[in-house]
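# Structure assessment
Listed here are the chains, written in short residue letters.
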There are 2 protein chains.
Amino acid sequence: MKKLINAPETVLSESLDGFAAAHADIVTLGAERKFVRRKTLKPGKVGLVSGGGAGHEPLHAGFVGLGMLDAACPGQIFTSPTPDQIAAAMNAVDTGAGCLLIVKNYEGDVMNFEMAAEMAEGKVLSVVVDDDVAVERSTYSTGRRGVAGTLVVEKLVGAAAEESRTIDELQALAKAVNSRTRSMGVALSSCTVPAAGTPTFTLADDEMELGVGIHGEPGRRRVKLETADAIAAELVGSIIRDLEPRRSHGCLLVVNGFGGTPSIELYLMVNAATRMLREHGIEVARFLTGNYVTSLEMAGCSITVTELDDEFIRLWDAPVHTGALHWGRV
Amino acid sequence: MKKLINAPETVLSESLDGFAAAHADIVTLGAERKFVRRKTLKPGKVGLVSGGGAGHEPLHAGFVGLGMLDAACPGQIFTSPTPDQIAAAMNAVDTGAGCLLIVKNYEGDVMNFEMAAEMAEGKVLSVVVDDDVAVERSTYSTGRRGVAGTLVVEKLVGAAAEESRTIDELQALAKAVNSRTRSMGVALSSCTVPAAGTPTFTLADDEMELGVGIHGEPGRRRVKLETADAIAAELVGSIIRDLEPRRSHGCLLVVNGFGGTPSIELYLMVNAATRMLREHGIEVARFLTGNYVTSLEMAGCSITVTELDDEFIRLWDAPVHTGALHWGRV
């Protein structure tokens, strides 16, 4: 195992300290590093709280800030945060309008966020994100997994929350965004959880895992490595068949790196995916390219497509000021 | 070789097409993809032009836009752009105030930018960036190499150029920034140039290359992998001994990933480097963390330190709106 770390057991805490120092204008770290919260809260705004296992950075702490999340709870690597952490985060950011929990569909996450909701003092609603079309059931999930579509939910709902919408309105929006969003990924290499010390799975020199999960869990099938165009065709095709977007609407295309694939390849995939979408009669109206929902140092990428309408475009373009996403006047 | 590509010879062109599509609000691609230029030029502003071999993305095209570069010329992977490309870029973005060329100190780049300067119609000055303290001479350079400090030069000079300073003032500023900036890197793995098909160098499972160059060229020494703290101490120590920053001034700390190292490790290095700097009596006033000057999918990182003063801080904080860096009101 070759990593820039001191010891497996302190990777998360040291990394969180670095993150909090680097973004001290935006976030503060909760006691015992239970959560990362927005430095300045907006009274009367619904608190948006997410979280999940570490190892997917910048998800979720990198999305805490104006226009996105109010708090994020990091579990240990690929491990759900505890109900205690999540409840502490909710209590820290609920200014009276309640908290909406944005939860990726993994059994541990769903259970712990539910338990936390029961512990909370204020009103709590939640939405479960399940955008991954690769498999209907996996190692860690009943039903589809939540992957990079989660950041789209966090961005659009985060923008809407800044407009002082009610918690019920925000939950309805979150469900609508999730229902218009689909993803699928491919792995070219495995990743190594520091505490394990060995790769989560193995791939031969000429193999890839199509439909891989963000913990390296199996996808649809292991096949010989193909060209970028063939991979893009498979991912985009699977997404489009499932999403059935209306031709008249543009889409958001997220080409998300899993951590070990460089920018030059991700933009090449943007080019390929844009062509594939156009062949399906769909134009890309908004793009996001980079490492946003990662699996440690795994090589590969996922493609996420969200069907846009005017409202979604307006919310996507709204200002965001977080560690990992920045745009617009704030 | 496992990459998301179609063919080695089309990697750059396909990636540039994806980049130009994804950032069509900011950039346009020059004819024959000779350069990436800012979509909207500001008449009377000095044109800032950089470039170099591809494989270091987002450097340089990702830094084209308001507050940074006017044009970037991508060579093939790890290959200098041609004088013809650079001259075409200068002619495209010179609105009458001349062009300042920002050149990393590699023999091919220096020669080709010099030849381009002789071909240009308007006034041309240049600055050579040589921030890498690792070695005094390397495979591709006479004198120190230019590495991630280049983005600091591009950011600060880019902000100053927006204030309509003269080309002579901007050249002086660029030299001043370069003189207050030092970097050093470490590789935990090699990278593979697509056209070569095999790794540029090899490291044993327990080895790292200290002082590695951004083309995978040798650094100071190959040693056993150490802890993040020991690596940070070596990199920061080498930088500080050379830079000799004044204690009273804060610094900018850039922890730059080489492409294959995930965010969780980079922020852990931020934490380690911040502690080391503090032990030297230096506080970090500004942070930048991420994959900015990469070596394809190489694992590892570099640390860059720039000694700040009030003017440098103001220029760093000034708005920037490019594919890879975004902040402030624009």
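Given the structure is predicted, the values throughout are model-derived calculations rather than measurements. (Residues numbered from 1 in each chain as written. Chains lettered and ligands numbered in written order. Predicted model: local features only at pLDDT ≥ 70, side-chain atom pairs only at ≥ 80, totals over all residues. Heavy atoms only, no water.)

Below, the discussion takes up the overall build of chain A. What chain A contains, in helices and strands, is eight helices and 17 strands. At 19 Å, chain A has a C-alpha radius of gyration in line with the 20 Å of a compact globule built from 330 residues. Overall, chain A is about 50 × 50 × 35 Å in size when its C-alpha atoms are taken along their principal axes. The buried share of chain A, reckoned over its 330 residues, is 63%. As displayed, chain A has an accessible area near 11000 Å², and 51% of this comes from carbon and sulfur atoms. (Helix = DSSP H or I, 4+ residues; strand = E, 2+ residues; numbered from the N terminus. Rg over C-alpha atoms; globule rule 2.2 N^0.38 Å. Buried < 20%, exposed > 50% of the residue type's maximum accessible area, 1.4 Å probe, protein only. Areas by Shrake-Rupley, 256 points an atom, 1.4 Å probe, with all protein chains shown as cover.)

Along the chain, Glu297 of chain B falls in the loop between strand 12 (284-290) and strand 13 (300-307). At 2.9 Å, the side chain of Glu297 of chain B and the backbone nitrogen of Thr192 of chain B are in polar contact. Among residues more than four places away in sequence, those in contact with Glu297 of chain B are Gly260 and Pro262 of chain A together with Lys3, Ser189, Ser190, Cys191, Thr192, Gly259 and Gly260 of chain B. (Polar contact = N/O pair within 3.5 Å; in protein donor to acceptor, adjacent residues only side chain to side chain. Contact = heavy atoms within 4.5 Å.)

Bringing the sheet that holds strand 14 (residues 320-322) of chain B into the picture now. All names here are of chain B. Spatial strand order, 4-14-15: three strands in an open sheet with antiparallel pairing. Across the chains shown, the open sheet's two edge strands, defined by having one partner strand only, are strand 4 (65-66) and strand 15 (326-327). When strand 4 meets strand 14, the two strands line up antiparallel, connected through two bridges. Following the sheet pairing, Gly65 is matched in strand 14 by Thr322. (Pairing = 2+ DSSP bridges.)

Let us look at the UniProt feature "domain: DhaK" (unreviewed entry) in chain A. With numbering matched to this structure, UniProt assigns "domain: DhaK" (unreviewed entry) to residues 7-327 of chain A. With 32% helix and 25% strand, the stretch residues 7-327 of chain A has end C-alpha atoms that lie 36 Å from each other. (UniProt positions renumbered as here; feature names shortened; annotations may be inferred.)

Moving on, we come to the domain arrangement of chain A. Residue and element names in this part refer to chain A. Here chain A is partitioned into domain 1 (11-179) and domain 2 (181-323). Centre-to-centre separation of domain 1 and domain 2, based on C-alpha positions: 21 Å. Between domain 1 and domain 2, the contact holds 48 residues from the first and 44 residues from the second. The contact between domain 1 and domain 2 buries some 3600 Å² in all, and 65% of this surface belongs to carbon and sulfur atoms. (Domains from an automatic or database assignment. Buried area = accessible area lost by both parts, 1.4 Å probe.)

The operation relating the pair of chain copies consists of a rotation about an axis and a translation along that axis. Overlay of chain A on chain B (RMSD 0.0 Å): rotation 180 degrees, translation along the axis 0.0 Å. Accordingly, the operation relating the two chain copies is best matched by a two-fold axis. Identified as the residue of chain A closest to the rotation axis by C-alpha distance is Gly260 of chain A, at 2.1 Å. Same-surface contact between copies: 100% of interface residues of chain A are shared with the interface of chain B. (Least-squares fit on C-alpha atoms with pLDDT ≥ 70 in both.)

Looking at the second largest pocket, its volume works out to about 1400 Å³. Lining the second largest pocket we find 42 residues, and of these Ser189 of chain A together with Ser189, Ser190, Glu297 and Ala299 of chain B sit closest to its centre. (1 Å grid on protein atoms, 1.4 Å probe; cavity = no way out; pocket = protein on both sides within 12 Å on 5 of 7 lines; lining within 4 Å. Points joined across faces, edges and corners; volume = space filled by probe spheres on them.)

Examined against the element boundaries, Pro43 of chain A turns out to sit in the loop between strand 2 (36-38) and strand 3 (47-54). The spacing of Pro43 of chain A and Glu283 of chain A is 240 residues in sequence and 39 Å in space, taken between C-alpha atoms.

Residue and element names in this part refer to chain A. One pass over the full model with this rule turns up 51 salt bridges over all chains. Across the pair Arg221 and Glu234 runs a salt bridge whose closest N-O atoms are separated by 3.0 Å. Remark: Glu234 occurs in helix 6 (residues 228-243) and Arg221 occurs in strand 12 (residues 221-224); sequence separation between them is 13 residues. Arg221 sits in the partly exposed class, given a relative accessible area of 36%. (Salt bridge = Lys/Arg side-chain N within 4 Å of Asp/Glu carboxyl O.)

On to helix 3 (residues 107-119) of chain B. All names here are of chain B. Relative to the 18 Å expected for 13 residues at 1.5 Å per residue, helix 3 spans 19 Å between its end C-alpha atoms, a close match to the ideal helical length. The complete set of buried residues in helix 3 reads Asp109, Val110, Asn112, Phe113 and Ala116. For helix 3, the elements touching its buried residues are strand 3 (47-54), helix 2 (83-93), strand 6 (99-104) and strand 7 (124-129). (Expected span 1.5 Å × (residues − 1).)

If you look at the biggest cluster of nonpolar residues, it comprises 103 residues, and the most contacted ones within it are Val186, Leu253, Met269, Leu277 and Ile303 of chain A together with Leu100 and Leu325 of chain B. In terms of residue count, the dominant contributor to this core is helix 7 (residues 263-279) of chain A (ten residues). (Core = buried A, V, L, I, M, F, W, Y, C linked by side-chain atoms within 4.5 Å.)

It is worth spelling out the packing of helix 6 (residues 228-243) of chain B against helix 7 (residues 263-279) of chain B at this point. Residues and elements named next belong to chain B. Orientation of helix 6 relative to helix 7, taken along the N-to-C sense of each, is 50 degrees, at an axis distance of 9 Å. Taken together, the axes of helix 6 and helix 7 are oblique relative to one another. Our pair here, helix 6 against helix 7, has a crossing hand that is right-handed. In contact with Ala228, Asp229, Ile231, Ala232, Ala233, Val236 and Ile240 of helix 6, helix 7 contributes Leu268, Met269, Ala272, Ala273, Arg275, Met276 and Leu277. Residues belonging to the contact of helix 6 with helix 7 are distributed by class as follows: twelve nonpolar, no polar and two charged. (Axes fitted to C-alpha atoms, helices over the stretch in contact; angles between N-to-C directions. Parallel < 35°, antiparallel > 145°, perpendicular 65-115°, else oblique. Left-handed = near helix turned anticlockwise from the far one by under 90°. Nonpolar A, V, L, I, M, F, W, Y, C, P; charged D, E, K, R; others polar.)

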